Amino acid sequence: MKSDQDSSNMKGKGGFRAASFVYALVSLENMGFVANMVSFVLYFQLQMYFKVSAAANTVTNLMGSTYLLSIFGGFISDTYINRFKTCLIFGVFELAALLLMTVQARYKDLQPSPCGKSSCLAGRVAVMFYASLSLVAMGTGGVRGALPALGADQFNQKDPKESKALATYFNFLLLSSTLGATIGVTIIVWVATNRHWWPGFLISLLATLVGFIFLVLGKPFYRLQLPGDSPLLRVIQVIVVAIKNRSLQHPSSPEELYEPEDKESSISTDQKIQHTEQFRWLDKAAILRDSNTKPAPWTVCTVTQVEEVKVLTRMLPIIASTIILNTCMAQLQTFSVTQGYYMNRVLGSFEVPAPSVPVIPLVFISILIPIYEFFFVPFARKITNHPSGVTQLQRVGVGLVLSVVSMTVAGFVEVKRKNHDLTYGKPVHVVWLSFQYGIFGIADMFTLVGLLEFFYKEAPVGMRSLSTSFTWLTQSFGYFLSSIFVDIINSVTRRTTHSKRGWLDGKLLDENHLDYFFWFLAILSLLNFFNYLYWASWYKYKQENVSSSADGICWSTNAMCAPQSLSASGVPLFKEPDDQADQNEARKTRTTATNGNGIVGNDEKSTEEANGKS
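Bear in mind the structure is a predicted one, so any value in this text is a computation, not a measurement. (Residues numbered from 1 in each chain as written. Predicted model: local features only at pLDDT ≥ 70, side-chain atom pairs only at ≥ 80, totals over all residues. Heavy atoms only, no water.)

## Brief notes about the packing of aromatic side chains
The full count for this structure, using the stated rule, is 41 aromatic pairs. On the basis of an interplanar angle of 15° and a centroid distance of 5.6 Å, the ring pair of Y67 and W472 is categorised as stacked. You can see Y67 sitting in helix α2 (residues 52-68) and its partner W472 sitting in helix α15 (residues 464-496), a full 405 residues away along the chain. For Y67, a relative accessible area of 6% corresponds to the buried category. Classification of W472 as buried rests on a relative accessible area of 8%. Here the aromatic cluster, defined as three or more aromatic residues joined through ring pairs, consists of F40, Y43, F44, F50, F129, Y130, W197 and F201. (Phe/Tyr/Trp six-rings, centres within 6.5 Å; stacked < 30°, edge-to-face > 60°. Helix = DSSP H or I, 4+ residues; strand = E, 2+ residues; numbered from the N terminus. Buried < 20%, exposed > 50% of the residue type's maximum accessible area, 1.4 Å probe, protein only.)

## Notes on the confidence of the model for the protein
Detailed reading of the predicted coordinates is not advisable wherever pLDDT is low. Scored by pLDDT, the protein has a mean of 80; 84% of the residues are at 70 or more. Mean pLDDT in the protein bottoms out at strand β4 (residues 552-554), which sits at 35, and peaks at helix α7 (residues 197-217), which reaches 95. Across residues 545-614, confidence stays below pLDDT 50; counting only partners more than four residues off in sequence or on other chains, it has 161 contacts. (pLDDT = per-residue confidence, 0-100. Contact = heavy atoms within 4.5 Å.)

## Focus: the side chain of N490
Among the structural elements, N490 can be located in helix α15. Relative accessible area serves as the criterion here: at 4%, N490 is assigned to the buried category. With near-sequence residues (within four places) excluded, N490 lies in contact with G502, W503, L504 and D505.

## Let's talk about the nonpolar core
Core analysis: the biggest nonpolar cluster contains 149 residues, and F40, F44, L147, Y169, F170, L215 and F517 have the highest contact counts within it. No other element matches helix α1 (residues 15-46), which puts 19 residues into this core. Residues within four places of F40 in sequence aside, it is in contact with V59, L62, M101, L133 and F201. (Core = buried A, V, L, I, M, F, W, Y, C linked by side-chain atoms within 4.5 Å.)

## Quick look at helix α9 (residues 303-321)
With 19 residues, α9 should cover 27 Å at 1.5 Å per step; its first-to-last C-alpha distance of 28 Å lies within 8% of that length. For α9, the buried fraction is high: 16 of the 19 residues fall into the buried class. (Expected span 1.5 Å × (residues − 1).)

## What to know about the packing of α1 against helix α6 (residues 160-194)
In the contact formed by α1 and α6, the axes pass within 7 Å of each other and the chain directions differ by 35°. Remark: the crossing between α1 and α6 carries right-handed chirality. Looking at the contact of α1 with α6 residue by residue, the class counts come to 19 nonpolar, 9 polar and no charged. (Axes fitted to C-alpha atoms, helices over the stretch in contact; angles between N-to-C directions. Left-handed = near helix turned anticlockwise from the far one by under 90°. Nonpolar A, V, L, I, M, F, W, Y, C, P; charged D, E, K, R; others polar.)

## Examining the pattern of salt bridges
Throughout the structure, instances matching the rule amount to 12 salt bridges. A salt bridge links R223 to E162, with the shortest nitrogen-to-oxygen separation between them at 2.9 Å. Here the residue R223 occupies a position in the loop between α7 and α8 (231-244), and E162 occupies one in helix α6, the gap between them amounting to 61 residues. Each member of the pair, R223 as well as E162, carries the same accessibility label: buried. We note a salt bridge from E351 to R345, for which the minimum N-O separation is 3.6 Å. Among the residues examined, E351 registers a relative accessible area of 45% and is labelled partly exposed. Since its relative accessible area comes to 11%, R345 is described here as buried. The network of salt bridges with shared partners includes D78, R83 and D153. (Salt bridge = Lys/Arg side-chain N within 4 Å of Asp/Glu carboxyl O.)

## A short note on the side chain of T276
Secondary-structure assignment places T276 in the loop between α8 and α9. Judged by relative accessible area, which is 6%, T276 ranks as buried. One polar contact links T276 to E307, side chain to side chain, over a distance of 2.7 Å. (Polar contact = N/O pair within 3.5 Å; in protein donor to acceptor, adjacent residues only side chain to side chain.)

## What to know about empty space enclosed by the protein
All told, the structure shown has 7 cavities of 30 Å³ or more when counted by the stated rule. There is about 630 Å³ of room inside the largest cavity. If you trace the largest cavity, you find 34 residues lining it, with N30, V34, S177, D444 and L448 closest to the centre. At the level of elements, α1, α2, α5 (123-152), α6, α10 (323-333), α12 (359-384), α14 (433-458) and α15 are the ones that each hand at least two residues to the lining of the largest cavity. When its residues are assigned to classes, the lining of the largest cavity shows 25 nonpolar, 6 polar and 3 charged. Formed jointly, the lining of the largest cavity draws a minimum of three residues from each of two domains, domain 1 (11-228) and domain 3 (303-541). For the second largest cavity, the calculated volume is near 70 Å³. Looking at the second largest cavity, the residues that line it are E29, G32, F33, N36, M37, F40, E94, L98, M101, V136, T140 and T208. For the lining of the second largest cavity, the secondary structure elements donating two or more residues are α1, α4 (83-106) and α5. In terms of residues, the lining of the second largest cavity owes the most to one element, α1, which gives 6 residues. Split into classes, the residues belonging to the lining of the second largest cavity amount to 6 nonpolar, 4 polar and 2 charged. (1 Å grid on protein atoms, 1.4 Å probe; cavity = no way out; pocket = protein on both sides within 12 Å on 5 of 7 lines; lining within 4 Å. Points joined across faces, edges and corners; volume = space filled by probe spheres on them. Domains from an automatic or database assignment.)

## Focus on the packing of α10 against helix α16 (residues 514-538)
The relative placement of two packed helices comes down to the angle between their axes together with the axis-to-axis distance. The contact between α10 and α16 brings their axes to 9 Å, and the two run at 160°. Relative to α16, the element α10 is oriented roughly antiparallel. As for the relative orientation of α10 and α16, their crossing is left-handed in sense. Note on element contacts: α16 touches α10 through F517, F518, L521, L524, S525 and N528, opposite I324, T327, C328 and Q331. Residues belonging to the contact of α10 with α16 are distributed by class as follows: 6 nonpolar, 4 polar and no charged. (Parallel < 35°, antiparallel > 145°, perpendicular 65-115°, else oblique.)

Below, the structure is given as structure tokens:
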């Protein structure tokens, strides 16, 4: 994948000025998206006449589909059209979905009548309803697949200052999302629940439209990546060639594996990835059978191409280890909203809408992100010499621990809510939900940003949109898993309990055992955390070509030059040469462009074509 990052042509482009337009879209689009997602569980119950569990499952399935389709958006922007155009195309789908929702909520004849079943949708009402949800999933998912990477492209990882700023970009990306969501779950939700549903959807539509206008206005300032070869095709080529060459012996030295010289290669030196020892069977794809044979894509792969597949393979356990956390998140957007509906929501003379309860973690995050960025990161950076203060995997680990605490607390809060109703005959105050929401809000702050930065930095250059979409993929699987858990738990407990009723099978919340479900997730999350520790210890960070520095040699673009390497659990962030001889050999065998200050030049060749074609 090429870029337009030439210093002479890119003067004034990129950086936080360009990223600010991305922040604007994230904030305005998320304003409507989050407001709708937290409102849907009540909208489906009160307006579309779903049962509690059916409404919750419909929301989690919608969220799961949305995040799953982000993979499609990431693939498109890496392969066929640039990330900017991808956002605009999928934005059209998102706007169309919000328009359909507004129209259906506005007219009674486009809504179902009560029927007493789990779902009362039929005919044209069902078609319009599911068409709007499908468009939401397609549009929002596609935008999320390309937008974070578009903003991250504005920071050159080969420039130490910009590489350091990349972590800040992801922190402020979450802050922008959080601020928009805060407005959404307060103002938009209040309008929807106290006035009518359709004005709430209309405000979401207008806010999202304005967000995309901001994105278009920022086009002159963007560094745009041109799409390259299909990342999936490159992966398939490695697997196919490795299977073809399975009978070949490994060479005595990795230096014998195929990696063309710079003048013969389609990628620059700085994009090349060093050989690693993990998954050695894939190295057979880089064995040239006959030195006299001209290399071809389906007969031999480069070391870099093989290492790209290794990077993606190493990511798989990390992806799997964060799914349960997102299953826990799904409960706060569904069952906890229903909890809030049955609680005392009066603050002074104002009654808080139940879907506005998630504002609690949003407020926590909005306060904590600046504290984290301006106080914790500089302090931690002095200790670890890591540009982000702590590694991405360490940050994710903290979030996983806090998710266990949040679900445990949520179970006790549900017990308190039910007992208070029985003892005093009146609902407990909604402020009790602040404990589980607040703790999980902090967990989300650590995990979401950690994953976005991890997947972007670790990804090969041509797969960064697809890779950052893995963050949303874990959320997708988490939401789908929530629906599966609800169905399985209902099925099992329906057969094993004396009442012959599932834990979550009642139409009213007081008829359910939501506390048991929360504790079930807490135990599962604890087991998942230990699983994550193993894979975080096993993971080896991507190694790229050596770069010069005033202080020595850096062997990774994911960290500043530092005297020692740090990781989530003792695994080096970057592999240093064993001795001075190795360092000297590295200088001889690898070429790196540096300026007078020892700063590595841009990792990608520039071209005016990127702006011309965009």
